[in-house]
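Analysis of the macromolecular model
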Amino acid sequence: MRRRWLGATTDEERHALALAQTCGIPEILATILARRGIAPGEATGFLAPTLRDLLPDPSSLRDMDKAASRFHEAVKKRERIAIFADYDVDGGASAALLVCWLRHLGIRPTLYIPDRLKEGYGPNTPAMERLGCEHDLIVCVDCGTLSHDPIAAAQCDVIVLDHHLAGETMPDCIAVVNPNRHDDDSGLGHICAAAVVFLMLVGVNRLMRAESQNGPNLLGLLDLVALATVADVAPLKGLNRAFVRQGLAVMSEHGRPGIAALASVAKLKTAPTCHTLGFVFGPRVNAGGRIGAPDIGARLLSTADHHEAAALAERLDRLNTERRSLEAAVANQALDQVEARGEPGPLIWAASEGWHPGVVGIVASRLKEAFGRPAIVIGFDGEAGKGSGRSAGGLDMGACIARLRDEGLIEKGGGHKAAVGLSLTQAQLGPAMSRLEELIAEAGAAPEVQDEMEISGVLGVGGATLDAAEAIAQAGPFGMSAPAPRVAIADARISRFRPVGESHLSLTLSDSLGGRLEAISFGAFESDFGETLNGLRDRPIHFAGRLERDDWGGRSKAKLFVEDAAPARD
């Protein structure tokens, strides 16, 4: 695939040897930790991250004590509580956290999630006015930080639990808990909204204990925090690693009807992983907010009824299939626009009438991956356009969109470093995209060129065992800012070559000592990779990819997910 394979440096090899000897861990695992800068004294905590060690004091977040106190008061007085949530996975999981926690105390809040097409993102004045007339407290989750006027219109107490980039001033309400507000010094700007909600509930449980009461069990809610963290592409470092590691353990117990129903419709046969959360569960939960009823995902994640969960999961699965069809059509048209524009500049963008706003974010991700540059995709309905953007090259896309908003070049806009949303008119499109290109160029964001591949170790076919795969997995969870390690399999021969589906390739690799290893290359025939491998079947080959545990068919074994290959010298 024309990529250089980079092994450990001499210093990293020394570091890995020290880790292996000091901590008694396999060499392949030690190399992974060495390449991530983990010192011997940090290895145990890194490999087994716990909330006991990593959970911060909720009070370290600005306004958290005010939020926890007001929420606690509402619970004690059995006040009428409304939850206003974003329509994505993070918003749905955040809402489900509150619904499940309150349900344990016999309180049934009102759930309100705006319609993406009719109301757009975040609190809007008509909805907040209605909710304010009927409730004593509104809790805005994964939204609200920039919603000054709608929150003022509520005429009741409002708490905001969010993580999106903030403006210079906060809405006038009881509390705005957001680690990304300018005056917050908690150092938690990398966590998602569901994690902020979880920390508030930790604070509320603490208040209940001070009054000799036991709050609902929070550990059982970590599956929701894990799902939101991965689906919202939060970096898997520090506290987020602990949330995801322990949340996956909770999820594997199949205690939540909504998660079990998602696994059923997806025909998932193995324990969930980060890949499951990001690419199996996440898109389905998102599908309702993108092209269907916006509250289906939150209802699925919060329901205690297995029959309701099954029906909601089936509906989301159908919507996700429809979403994929819409996405493919928009992606093809967007790619044609980009290619017709010629040599790409610092920004990749596309816009058109009729593109569904529920899929423009996914298409922006596809363009970002294809070109390694920040991408914006906008769908127009007449003069009004709604778009989404994805960052690349370390660019703070949220800050750039905030500049466009402050300069009056777009109607609305916000988000965080990696992903943004914006609204603008047809007349604003050209000037806004030109100015955004200038801001990206000024920031010096370099294109992401995937011409190198880090290799954490070299194994023979016989050494690529289940034990080796499980040793590698100990360095997980893998995701944003923590990519899955790759290994090289040296001097292998292809003993079985079988195309699978429309574009995939299933392989069995062998060596002269009788070793065998199953492997698969997804999308091998979408390029010349598959045919090139076919032409090398009589030669020894080095393979590179992810070595993982595979439980398909009820038998555990190691499997290589091939990403590259190179002919070996005969």
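Use the structure listed above.
These notes cover the structure that comes with them. (Residues numbered from 1 in each chain as written. Predicted model: local features only at pLDDT ≥ 70, side-chain atom pairs only at ≥ 80, totals over all residues. Heavy atoms only, no water.)

Here we look at the overall build of the chain
What counts here: Strands are runs of DSSP state E lasting at least two residues, helices are runs of H or I lasting at least four, and both sets are numbered from the N terminus onward. Put simply, the radius of gyration uses C-alpha atoms, and a globule should come to 2.2 Å times the residue count raised to 0.38. Residue burial is assigned from relative accessible area. The probe radius is 1.4 Å, only protein chains are included, and a residue is buried under 20% of its type maximum, exposed over 50%, and partly exposed in between. Under the convention used here, a 1.4 Å probe and the Shrake-Rupley method define accessible areas, while residue burial counts only the protein chains that appear. Counting rule for charge: Lys and Arg are taken as positive, Asp and Glu as negative, and neither His nor the chain ends is counted. Here the site of a charge means atom NZ of a Lys, CZ of an Arg, CG of an Asp or CD of a Glu.
Each helix and strand in the chain was counted, giving 20 helices and 18 strands. Its C-alpha atoms give the chain a radius of gyration of 25 Å, near enough to 25 Å, the size a compact globule of 570 residues would have. The burial tally for the chain puts 54% of its 570 residues in the buried class. Total accessible area on the chain is roughly 24900 Å²; 49% of this is exposed by carbon and sulfur atoms. Across the chain, the mean location of the 59 positive side-chain charges is 5 Å away from that of the 73 negative side-chain charges.

Remarks on the environment of Phe380
To keep things clear, this is the line we draw: Only heavy atoms matter for contacts: two residues are in contact if any of them lie within 4.5 Å across the pair.
Here Phe380 shows up in strand 8 (residues 375–381). We classify Phe380 as buried; its relative accessible area is 3%. Here the alpha-carbon distance between Phe380 and Leu424, two residues 44 residues apart in the chain, equals 9.0 Å. With residues near it in sequence (within four places) discarded, Phe380 still touches Ala351, Ser352, Glu353, Gly354, Gly385, Leu424, Thr425, Gln426 and Leu429.

So, the pattern of salt bridges
Any two side chains of opposite charge can pair, given that their charged atoms come close. Spelled out, the test is: Just to be clear on terms, a salt bridge is a Lys or Arg side-chain nitrogen sitting within 4 Å of an Asp or Glu carboxyl oxygen.
Applying the stated criterion across every chain yields a total of 32 salt bridges. With its nearest N and O atoms 3.4 Å apart, the salt bridge here joins Asp136 to Arg80. Remark: Arg80 occurs in the loop between helix 5 (64–76) and strand 2 (81–85) and Asp136 occurs in the loop between helix 7 (125–134) and strand 4 (137–141); sequence separation between them is 56 residues. Residue Asp136 is classed as partly exposed on the basis of its relative accessible area, which comes to 27%. Overall, the relative accessible area of 44% leaves Arg80 in the partly exposed class.

Comments concerning the packing of aromatic side chains
Defined as follows: Whether two aromatic rings pair depends on their centres lying within 6.5 Å, for rings of Phe, Tyr and Trp, where Trp uses its six-membered ring; planes under 30 degrees apart make the pair stacked, over 60 edge-to-face, and the rest tilted. A positively charged side chain is recorded as over a ring if its NZ (Lys) or CZ (Arg) lies within 6 Å of the ring centre. The angle to the ring normal must also be within 35 degrees.
Per the counting criterion, the structure on display carries five aromatic pairs. Both rings, one in Phe198 and one in Phe243, keep their centres 5.6 Å apart while their planes meet at 80 degrees; by these two values the pair is edge-to-face. Pair noted here: Phe198 is in helix 9 (residues 193–210) and Phe243 is in helix 11 (residues 239–251), with a separation of 45 residues, a long-range link. The exposure class of Phe198 is buried, given its relative accessible area of 2%. Looking at Arg241, its charged tip hangs above the ring of Phe46, at a distance of 3.8 Å from the centre. It is Arg341 that lies over the ring of Trp349; its NZ or CZ is 4.0 Å from the centre.

A look at the packing of helix 9 against helix 10 (residues 222–231)
Put simply, the rule is: Inter-axis angles, ranging from 0 to 180 degrees, are taken between N-to-C directions of lines fitted to C-alpha atoms, where helices are fitted over the stretch in contact. Should an angle fall under 35 degrees it is taken as roughly parallel, and over 145 as roughly antiparallel, whereas 65 to 115 is taken as roughly perpendicular and any remaining angle as oblique. Under the scheme applied here, ten amino acids are nonpolar (Ala, Val, Leu, Ile, Met, Phe, Trp, Tyr, Cys and Pro), four are charged (Asp, Glu, Lys and Arg), and all others, including Gly, are polar.
Where helix 9 contacts helix 10, the axes come no closer than 8 Å and their chain directions differ by 155 degrees. It follows that helix 9 is roughly antiparallel to helix 10 by the angle criterion. Contact residues: Ala194, Ala195 and Phe198 in helix 9; Leu222, Val225 and Ala228 in helix 10. Its residues assigned to classes, the contact of helix 9 with helix 10 shows six nonpolar, no polar and no charged.

With respect to the sheet that holds strand 6 (residues 175–177)
Counted only if it meets this: The pairing criterion is simple: DSSP has to find at least two bridges between the two strands.
As summarised here, the arrangement of the five strands in space is 3-2-4-5-6, forming an open sheet in which the pairing is parallel. Since the sheet does not close on itself, it has two edges, and those belong to strand 3 (110–112) and strand 6, each with one partner. With strand direction ignored, the average angle separating the axes of adjacent strands in the sheet is 15 degrees. Each of strand 2, strand 4, strand 5 (157–161) and strand 6 touches helix 5; the most contacted strand, strand 5, lies at about 130 degrees to it. Lying on the sheet, helix 6 (residues 89–103) is in contact with strand 2, strand 3 and strand 4; it crosses strand 2 at an angle near 160 degrees.

Concerning the sheet that holds strand 8
In spatial order, the strands read 7-8-9-11-10; together these five strands make up an open sheet with mixed pairing. Two strands in the sheet have a free side with no partner beyond their single neighbour: strand 7 (348–353) and strand 10 (412–415). Put simply, the sheet's adjacent strands are angled 15 degrees from each other on average, direction ignored. Where strand 10 and strand 11 (residues 419–425) come together, four bridges link them in antiparallel fashion.

Thoughts on the side chain of Ser503
How we decide: As used in this structure description, the phrase polar contact means that two N or O atoms lie within 3.5 Å; if the pair is within protein, one of them must be able to donate a hydrogen and the other to accept it, and residues adjacent in sequence are counted only when both atoms belong to side chains.
Among the secondary structure elements, Ser503 is positioned in the loop between strand 14 (487–500) and strand 15 (504–510). A distance of 3.4 Å separates polar atoms of two side chains, one belonging to Ser503 and the other to Glu526. In this structure Ser503 touches Gly523, Ala524, Phe525 and Glu526, once residues within four positions along its chain are discounted.

What to know about the side chain of Arg284
Note on placement: Arg284 falls in helix 13 (residues 274–291). A polar contact is formed between the side chain of Arg284 and the backbone oxygen of Val280, at a distance of 3.0 Å. Aside from chain neighbours lying at most four places away, what touches Arg284 is Leu262, Val265, Ala266, Leu316, Asp317 and Asn320.

Brief notes about the nonpolar core
The condition is simple: In these notes, a set of buried Ala, Val, Leu, Ile, Met, Phe, Trp, Tyr and Cys residues joined through side-chain atoms within 4.5 Å is what counts as a nonpolar core.
Core analysis: the biggest nonpolar cluster contains 84 residues, and Phe71, Trp101, Leu161 and Met200 have the highest contact counts within it. Per element, the largest residue contribution to this core is 11 residues, and it comes from helix 9. The residues touching Leu161, leaving out its near neighbours within four places in the chain, are Ala67, Val139, Cys140, Val141, Asp142, Cys143, Val177, Ala193, Val196, Val197 and Met200. The next biggest cluster of nonpolar side chains, apart from the first, holds 42 residues, and it includes Ile28, Ala492, Leu536 and Ile541.

A closer look at unusual backbone geometry
Along the chain, Gly476 connects to Pro477 via a cis peptide bond; the corresponding omega equals 5 degrees. Within the element layout of this structure, Pro477 appears in the loop between helix 19 (466–473) and strand 14. A positive phi angle, near 60 degrees, is found at Arg2, a position not held by glycine. Looking at the secondary structure, you find Arg2 in the segment before strand 1 (4–6). Phi at Asp142 is positive, roughly 60 degrees, even though this residue is not glycine. In this structure, Asp142 sits in the loop between strand 4 and helix 8 (148–152). Under the relative-accessibility criterion, Asp142 is labelled buried at 1%.

Some thoughts on the pairing of strand 18 (residues 557–567)
The buried fraction of strand 18 amounts to eight of the 11 residues, a majority that puts the element mostly inside the structure. Bridge analysis of strand 17 (residues 541–550) against strand 18 gives 10 bridges, and the strand direction is antiparallel. Directly across from Glu548, in strand 18, lies its bridge partner Lys559. Hairpin connection between strand 17 and strand 18: a loop of six residues separates the two successive antiparallel strands, and Gly553 in this loop has a positive phi of roughly 80 degrees.

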